[in-house]
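Observations on the three-dimensional arrangement
Residues per chain are reported as follows:
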Amino acid sequence: MSKVAVVTGAGTGIGRAVAGALLNAGWHTALLGRRRDKLDESIAAAGADSATALAIACDVSDADQVDAAFTEVVQTFGRVDLLFNNAGMGTRPMLIDEIPVDLWKQVVGVNLTGSFLCARAAFSAMRKQQPRGGRIINNGSISAYAPRPGSVPYTTTKHAITGLTKTLALDGRPFNIACGQIDIGNALTDMARPMTVGVPQANGTMAAEPVMDVQRVADAVLYMAGMPLDSNVLFQTVMATNMPFVGRG
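Residues numbered from 1 in each chain as written. Predicted model: local features only at pLDDT ≥ 70, side-chain atom pairs only at ≥ 80, totals over all residues. Heavy atoms only, no water.

Attention now goes to the side chain of Ser 141. Among the secondary structure elements, Ser 141 is positioned in the loop between strand E5 (134-139) and helix H5 (152-171). Classification of Ser 141 as buried rests on a relative accessible area of 6%. Residue contacts for Ser 141: discarding those within four places in its chain leaves Tyr 154, Lys 158, Ile 182, Asp 183 and Ile 184. (Helix = DSSP H or I, 4+ residues; strand = E, 2+ residues; numbered from the N terminus. Buried < 20%, exposed > 50% of the residue type's maximum accessible area, 1.4 Å probe, protein only. Contact = heavy atoms within 4.5 Å.)

Okay, here's the thing in structure tokens:
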């Protein structure tokens, strides 16, 4: 029987690549994102159809929409075996006193509250279903270890995701629920494209940075997802080899 995955932020970038990899590997996959048209494009890019792919327009920062989305997934596919908690957003570089409070709330709402709400819904489904269990993979960031200049909202949420990952990995044990985190550096998506032109560095300069094909991220998530539930990759870093991370600053 095919396993069932949920991918958030599946309309573009990393989410689209991971959803496509899961579909091509035989997973029934629910794609969640704000824009239904982008989700449909992701499904078409994977060559999938309604038998294996389900597009659900969903704002992950809205608890009612998240709960409704996971209810639809279970009604359609019967269970949830995997959540790739991927939806996220960043901001342009700003010092803390330049950041509007509403923008802070928006980033926290998507990156942190959204991850909490989706993990909450997935955990509930995995805990109740038979056979019990499943896997949650949170999209962290290299910023969970080393921040970029002017990235207070994004970096703060990604540090918090690490706490979410560790706690879920602990709390999931009695229910056969594994939780891990993938920390990504410079995967070439529209969000990361400015890195190819120039982004602020810790020494005050602007510099272009090396990037990697987003498919490398999809491959890594697929590896994590395919492990038996008695094994877990708690943290995995996938990055462009020559990007400034080790020794950043």
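Before going further, it helps to spend a moment on the pairing of strand E3 (residues 53-57). Sheet faces and side chains relate simply in a regular strand, where the side chains alternate between the two faces. Burial analysis of E3 places four of its five residues in the buried class, which makes it a mostly covered element. Remark: the strand E2 (residues 28-33)/helix H2 (residues 36-45)/E3 crossover connection has right-handed handedness. (Right-handed = clockwise from strand over helix to strand, strands pointing away.)

What follows concerns the environment of Val 110. Following the sequence through the fold, Val 110 ends up in helix H4 (residues 101-128). Sequence separation between Val 110 and Asp 59 is 51 residues, and the spatial gap between their C-alpha atoms is 8.2 Å. When near neighbours in sequence (up to four residues on either side) are disregarded, Val 110 contacts Arg 34, Val 60, Ser 61, Ala 87, Gly 88, Met 89 and Ser 115.

This next bit is on the pairing of strand E1 (residues 4-8). Counting buried positions along E1 gives five out of five residues, so the element sits mostly inside the fold. In E1, alternate side chains face the same way, and those of Val 4, Val 6 and Thr 8 on one face and Ala 5 and Val 7 on the other are all buried. Bridging between E1 and E2 involves five bridges; their strand directions are parallel. The residue of E2 that forms the bridge with Val 6 is Ala 30. Following the backbone out of E1, through helix H1 (residues 13-24) and into the adjacent parallel E2, one traces a crossover that is right-handed. Relative to strand E4 (residues 82-85), E1 runs parallel, the two being bridged by three bridges. Opposite Val 7, over in E4, you have Phe 84 as the bridge partner. (Pairing = 2+ DSSP bridges.)

On to the side chain of Asn 86, then. Here Asn 86 lies in the loop between E4 and H4. Of the residues examined, Asn 86 reaches a relative accessible area of 9% and is grouped as buried. In contact with Asn 86, not counting residues within four places along its chain, are Thr 8, Gly 9, Ile 14, Gly 15 and Asn 139.

Attention shifts here to H4. Here H4 spans 38 Å end to end across 28 residues, near enough to the 40 Å set by a 1.5 Å rise per residue. Of all bends in H4, the biggest is about 40 degrees, found at Gly 109. (Expected span 1.5 Å × (residues − 1). Bend = angle between axes of the 7 residues up to and from the residue.)

A separate point is the environment of Val 74. Position of Val 74 among the secondary structure elements: in helix H3 (residues 63-77). Spatially, the C-alpha atom of Val 74 lies 17 Å from that of Gly 33, the residues being 41 residues apart in sequence.

Here Ala 122 shows up in helix H4. A sequence separation of 37 residues divides Ala 122 from Asn 85, and the C-alpha atoms of the two residues are 9.9 Å apart. Other than its neighbours up to four places away in sequence, Ala 122 contacts Phe 70, Leu 83 and Ile 136.

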